[in-house]
Amino acid sequence: MRSTIQLLAGIPSVVYGFWGLTFIVPFIRDYLGGPGLSILAGSLILAIMILPTIISISEVSLLALPGLYKQWTVSILVVMLLFFIVAFILFKGIPTLTWDFLTQNPASSGRTGGILSTIISTLLVTLVAILVATPFGVGTAFYLTEFTHESKITRIIRFSAESLAAIPSIVYGLFGFIFFVIFLKLGWSVLSGGLTMAVMILPTIIRTSEEAILSVPAQYREVSFSLGGSKWQTIT
């Protein structure tokens, strides 16, 4: 990454201009429907040209800060970015947020109407996902922490959960479409969406539940066993 930035910083400005005329201007003209030679094209070329300088200055400035100041600086920048995104969404969205928009169903393939059915279906899909994934996730966490020791099976389960957590959501959507909608013939339904989301959130539930169980002091288990409690009574 640093080598690429240094390479971009060493490119003459005339090369950036030629590259912009060759790629950016035709792209704006052909795909965005605007005039090729425009302020937008010039701004994009200039932005790419000054990007290495901004990155280098920002990196040097952050490295010069003490550790505590660096953390605070990064935290403030992240909060400011989040605040800007939320403020922009509210500024653009609040004027169009009306009671009819919330209580009407979509029309014309979503181009007009409201979002009532979307809100209801989202809540139902989430409910189905939680009802399906929670027993499996919590049960798997209890099995890994209370009913077995570290073995090949537990390593396979943890590896599978970590692998599932790294899969992009669009892949889950494709899997749900092929397996639940087509193969199991559930169709485009709340059940298909809920099962797909259940598979997607299962690794998170397993990892979160496992960490929560491990955080319980071992003395509590010992006290329960000393009082004659069974394994199930100790867990519950």
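Since we're looking at a predicted model, the values are computed, not measured.

**Some points on the nonpolar core**
Listed in full, the six residues of the largest apolar core are Y16, I24, V25, I28, A41 and I45. Of all elements in the fold, only helix 2 (13-31) and helix 3 (39-64) reach the threshold of two or more residues within this core. Here this core gets four residues from one element, more than from any other, and that element is helix 2. When near neighbours in sequence (up to four residues on either side) are disregarded, I45 contacts Y16, G17, G20 and I24.

**As for the packing of aromatic side chains**
All chains considered together, the criterion is met by seven aromatic pairs. Judged by centre distance (5.9 Å) and plane angle (40 degrees), the ring pair of W19 and F23 falls under tilted. One end of the pair, W19, and the other, F23, are both in helix 2, four residues apart, so they sit about a helical turn from each other. Three or more aromatic residues link up through ring pairs in this structure, and these residues are F175, F179, F180 and F183.

**Some words on the packing of helix 8 (residues 169-183) against helix 9 (residues 190-214)**
Direction vectors running N to C along helix 8 and helix 9 enclose 135 degrees, while the axes themselves pass 9 Å from each other. Relative to helix 9, helix 8 is oriented oblique. Remark: the crossing between helix 8 and helix 9 carries right-handed chirality. Along the contact surface, helix 8 presents S169, Y172, G173, G176, F180 and V181, while helix 9 presents S192, L195, T196, V199, M200 and P203. Its residues placed into classes, the contact of helix 8 with helix 9 shows seven nonpolar, five polar and no charged.

**Some remarks on helix 9**
Across its 25 residues, helix 9 extends 35 Å between first and last C-alpha, which sits within 8% of the 36 Å expected from 1.5 Å per residue. Where helix 9 bends most, at I201, the angle is about 40 degrees, and the proline P203 comes one to four residues later. Listed in full, the buried residues belonging to helix 9 are S192, G194, L195, T196, A198, P203, I205, I206, S209, E210 and I213.

**So, the side chain of T145**
Mapped onto the elements, T145 comes out in helix 6 (residues 116-146). In this structure the side chain of T145 is engaged in a polar contact, spanning 2.8 Å, whose partner is the backbone oxygen of A141.

**Section: unusual backbone geometry**
Positive phi is not limited to glycine here, since K185 has a value of about 60 degrees. With respect to the helices and strands, the residue K185 is situated in the loop between helix 8 and helix 9. Given a relative accessible area of 72%, K185 falls into the exposed group.

**Quick notes on the environment of G194**
Topologically, G194 is positioned in helix 9. Taking the C-alpha atoms as reference points, G194 and I130, 64 residues apart in sequence, are found 8.2 Å from one another. Ignoring sequence-local partners within four residues, the contact set of G194 consists of V125, V128 and A129.

Reading the values: rules and limits
Residues numbered from 1 in each chain as written. Predicted model: local features only at pLDDT ≥ 70, side-chain atom pairs only at ≥ 80, totals over all residues. Heavy atoms only, no water. Core = buried A, V, L, I, M, F, W, Y, C linked by side-chain atoms within 4.5 Å. Buried < 20%, exposed > 50% of the residue type's maximum accessible area, 1.4 Å probe, protein only. Helix = DSSP H or I, 4+ residues; strand = E, 2+ residues; numbered from the N terminus. Contact = heavy atoms within 4.5 Å. Phe/Tyr/Trp six-rings, centres within 6.5 Å; stacked < 30°, edge-to-face > 60°. Axes fitted to C-alpha atoms, helices over the stretch in contact; angles between N-to-C directions. Parallel < 35°, antiparallel > 145°, perpendicular 65-115°, else oblique. Left-handed = near helix turned anticlockwise from the far one by under 90°. Nonpolar A, V, L, I, M, F, W, Y, C, P; charged D, E, K, R; others polar. Expected span 1.5 Å × (residues − 1). Bend = angle between axes of the 7 residues up to and from the residue. Polar contact = N/O pair within 3.5 Å; in protein donor to acceptor, adjacent residues only side chain to side chain.

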